[in-house]
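# Reading the structure
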Amino acid sequence: MRYDVIVLGAGIVGVSAALHLQSRGCSVCLIDRRAPGEETSYGNAGLIERASVIPYAMPRQLPVLLRYGLNRSPEVRYRLAHLPKMSTWLFQYWLHSSPERLLEATNAMLPLIERCVTEHDELIDKAGLTHLLRRSGWIETFRTKEGRKKALAAAKDVEQYGLRYDVLDPAELKAREPHLLDAPIGAIHWRDPTTVSDPEALTKGYAALFTKQGGRFASGDARTLAQSGSDWVVTTEDGPLAAGRVVVALGPWSDRIFKPLGYRIPLGVKRGYHMHYGSKGEARLNQPVLDFEGGYVLTPMSKGIRLTTGIELAGFDAPEDARQLGLAEALARNLFPLGERVEPKPWLGRRPCLPDMRPVIGAAPRHQGLWFCFGHAHHGLTLGPVSGRLLAEMMVGDAPFCDPSPYRADRF
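Residues numbered from 1 in each chain as written. Predicted model: local features only at pLDDT ≥ 70, side-chain atom pairs only at ≥ 80, totals over all residues. Heavy atoms only, no water.

Let's shift gears to the packing of helix α4 (residues 99–114) against helix α11 (residues 380–396). Two elements in contact, α4 and α11, have axes separated by 9 Å at closest approach and are oriented at 100°. Relative to α11, α4 is oriented roughly perpendicular. When α4 is examined against α11, the residues Met-109, Leu-112 and Ile-113 are found in contact with a partner set consisting of Thr-382, Leu-383, Val-386, Ser-387 and Leu-390. Class assignment of the residues belonging to the contact of α4 with α11 gives a composition of six nonpolar, two polar and no charged. (Axes fitted to C-alpha atoms, helices over the stretch in contact; angles between N-to-C directions. Helix = DSSP H or I, 4+ residues; strand = E, 2+ residues; numbered from the N terminus. Parallel < 35°, antiparallel > 145°, perpendicular 65-115°, else oblique. Contact = heavy atoms within 4.5 Å. Nonpolar A, V, L, I, M, F, W, Y, C, P; charged D, E, K, R; others polar.)

Glancing now at helix α1 (residues 12–23). Residues that lie three or four places apart on an α-helix share one face, since the helix turns once every 3.6 residues. Between the first and last C-alpha of α1 there are 16 Å, a value that for twelve residues agrees with the 16 Å anticipated at 1.5 Å per step. Among the residues of α1, Ile-12, Val-13, Gly-14, Val-15, Ser-16, Ala-17, Ala-18, Leu-19, His-20, Leu-21 and Gln-22 are the ones counted as buried. Where α1 terminates, the next one or two residues include Gly-25, which has phi positive at roughly 90°. (Expected span 1.5 Å × (residues − 1). Buried < 20%, exposed > 50% of the residue type's maximum accessible area, 1.4 Å probe, protein only.)

One finds Val-7, Leu-21, Leu-112, Trp-190, Tyr-206 and Val-247 to be the most contacted residues of the largest nonpolar core, which totals 63 residues. Looking at which element gives the most residues to this core, the answer is α11, with eight residues. Contact partners of Val-7, with chain neighbours within four places excluded, come to Gly-14, Ala-18, Leu-21, Val-28, Cys-29, Leu-30, Ile-31, Val-247 and Ala-249. If you look at the next biggest cluster of nonpolar residues, it comprises 30 residues, including Ala-222, Val-248, Ile-257 and Leu-267. (Core = buried A, V, L, I, M, F, W, Y, C linked by side-chain atoms within 4.5 Å.)

Let us now look at the packing of aromatic side chains. Taken as a whole, this structure holds ten aromatic pairs when the rule is applied. Between Tyr-263 and Phe-372, the aromatic rings sit 5.5 Å apart at their centres with planes inclined by 90°, giving edge-to-face as the arrangement. Taken as a pair, Tyr-263 in the loop between α9 (255–258) and β14 (268–279) and Phe-372 in strand β22 (residues 370–374) lie far apart in primary sequence, 109 residues in all. We classify Phe-372 as buried; its relative accessible area is 0%. Counting every residue linked through ring pairs, the aromatic cluster contains Phe-258, Tyr-263, Phe-372 and Phe-374. Note that Arg-60 overlies the ring of Trp-94, its terminal NZ or CZ placed 4.0 Å from the centroid. (Phe/Tyr/Trp six-rings, centres within 6.5 Å; stacked < 30°, edge-to-face > 60°. Lys NZ or Arg CZ within 6 Å of the ring centre and 35° of its normal.)

This part covers the sheet that holds strand β3 (residues 47–48). Taken together, the three strands give an open sheet; going across it, the order is β3-β9-β5, and neighbouring strands pair in antiparallel fashion. Two strands lie at the open edges of the sheet, namely β3 and β5 (133–134), each paired on one side alone. With two bridges joining them, β3 and strand β9 (residues 194–196) adopt antiparallel strand pairing. Within β9, the position partnered with Leu-47 by the bridge is Thr-195. (Pairing = 2+ DSSP bridges.)

With that settled, consider unusual backbone geometry. With phi around 60°, Asn-71 is a residue other than glycine that occupies positive phi space. Assignment of secondary structure puts Asn-71 in the loop between α2 (62–69) and β4 (76–78). On the accessibility criterion, Asn-71 (16% relative accessible area) is buried. Of note, the phi angle at Ala-377 is positive, near 55°, even though the residue is not glycine.

You can see Arg-50 is positioned in the loop between β3 and α2. Despite being buried, Arg-50 has no salt bridge partner; Glu-114 is the closest side chain of opposite charge, sitting 4.7 Å away. Beyond its immediate sequence surroundings of up to four residues, Arg-50 is in contact with Ile-113, Glu-114, Cys-116, Val-117, Tyr-161, Leu-163, Asp-192 and Pro-193. (Lys, Arg positive; Asp, Glu negative; His and termini not counted. Salt bridge = Lys/Arg side-chain N within 4 Å of Asp/Glu carboxyl O.)

A separate point is helix α10 (residues 323–332). Within α10, burial applies to Gln-324, Leu-325, Ala-328, Glu-329 and Ala-332. Buried residues of α10, seen end-on, are gathered within an arc of 130° and therefore sit on one face of the element. For α10, the secondary structure elements touched by its buried residues are β4, β14, β16 (296–301), β17 (304–308), β18 (311–313) and β19 (338–341). (Arc of directions from axis to C-beta.)

Below, the discussion takes up the pairing of β16. Of all six residues that make up β16, six are buried, and the element is covered over most of its length. Side chains of β16 alternate between two faces, with Tyr-296, Leu-298 and Pro-300 and Val-297, Thr-299 and Met-301 buried alike. Across three bridges, the pairing between strand β15 (residues 289–291) and β16 is antiparallel. Among the inter-strand pairings, Leu-290 is bridged to a residue of β16, identified as Val-297. Here β15 hands over to β16 after four residues, with Gly-295 in that stretch at a positive phi of 75°. As defined by bridge partners, β16 adjoins β17 across five bridges and the pair is classed as antiparallel.

Once that is clear, we can look at a nonpolar patch on the surface. A cluster of nonpolar side chains, Leu-62, Leu-65, Leu-66, Phe-91, Trp-94 and Leu-95, forms an exposed patch at the surface whose accessible area comes to about 550 Å². Going through the elements one at a time, α2 and α3 (83–96) are the ones with two or more residues in the nonpolar patch. Using a relative accessible area of 55% as the deciding quantity, one classes Leu-62 as exposed. (Patch = residues over 30% accessible without salt bridge, like charges linked within 9 Å, V, L, I, M, F, W, Y side chains within 5 Å. Areas by Shrake-Rupley, 256 points an atom, 1.4 Å probe, with all protein chains shown as cover.)

Here it is, written out as structure tokens:
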């Protein structure tokens, strides 16, 4: 079987790219070893994060670095044995987190962030998934005066981008989230983002739209990718499939493809965990709540209240470490009346990150017909559809809606 395009990876980014290519007249086959939405796209806080116009930079303040160095924070934990292996990547990340380079990254990401909600809305409407969507934004709480000061300063930094937010005192916070406990002294309610109650169902719903419209999903191992003349061929359970163009949208596994082909793209991984909980009594959350100082998020999901942790720096396949989730859970129980865990073990995921805080979207410079779309860090769910649109526009020769050069693969 031959197609115009093969897309490797059926997470939110790959599925979105497949849909946008399909809508521009391409025959597309989507290939993954698992069903759509069951890897990285499964585990996140459910935010379509219109408010995160400034990327998550590496802290450069000595007190913050010293606090993280103690390795007792739920925001960031590390495995000491892994740090030497990641030292070059961390140093690059630190360099790109300078004020000047952070502004550069912010400007580079702004066109994608500005359209993230709009692009999701279009796909959600077409796929009939509006029942998964909430338009109430999310809430960022703080527990100390110092936390309040820092959170408000961060909010001021993004006012120039036209974002809407409300600063809440304890009474106003209680009015919007009546079942929160008394730990927060206030909050910021971000109004522009939307959220979903089941990220896996969203990705599967997009994939169902793709196949309903004539696209094909095949189960296969992306590592079988090989060139055959002018075609790219992948072995699947249904036999070999070929296309003149192939998209690598494998998230944290993308280096399994680009490294053997000779590309030295500094793709790193930030791990993270989530767990679902019941609620005590009649307690409920109306929208996601971030603990500004704790670095975790509580989100009302279809499977319960999902607690999503911050960052763990560890080897890709290192064993799970329950301590980060335990630290976050202890804090969360002072924020909201969580019930018992509803799953036997936490979910572990990997966020694919580039040190300059922007993804790779575009053509591979040394291989005809090879395209990249990966490295969306904390915002894979947020940026899947808008990245898929930009990639598809470039692949079919349409005028891209924004300058794609900040995301080119050869920038490193």
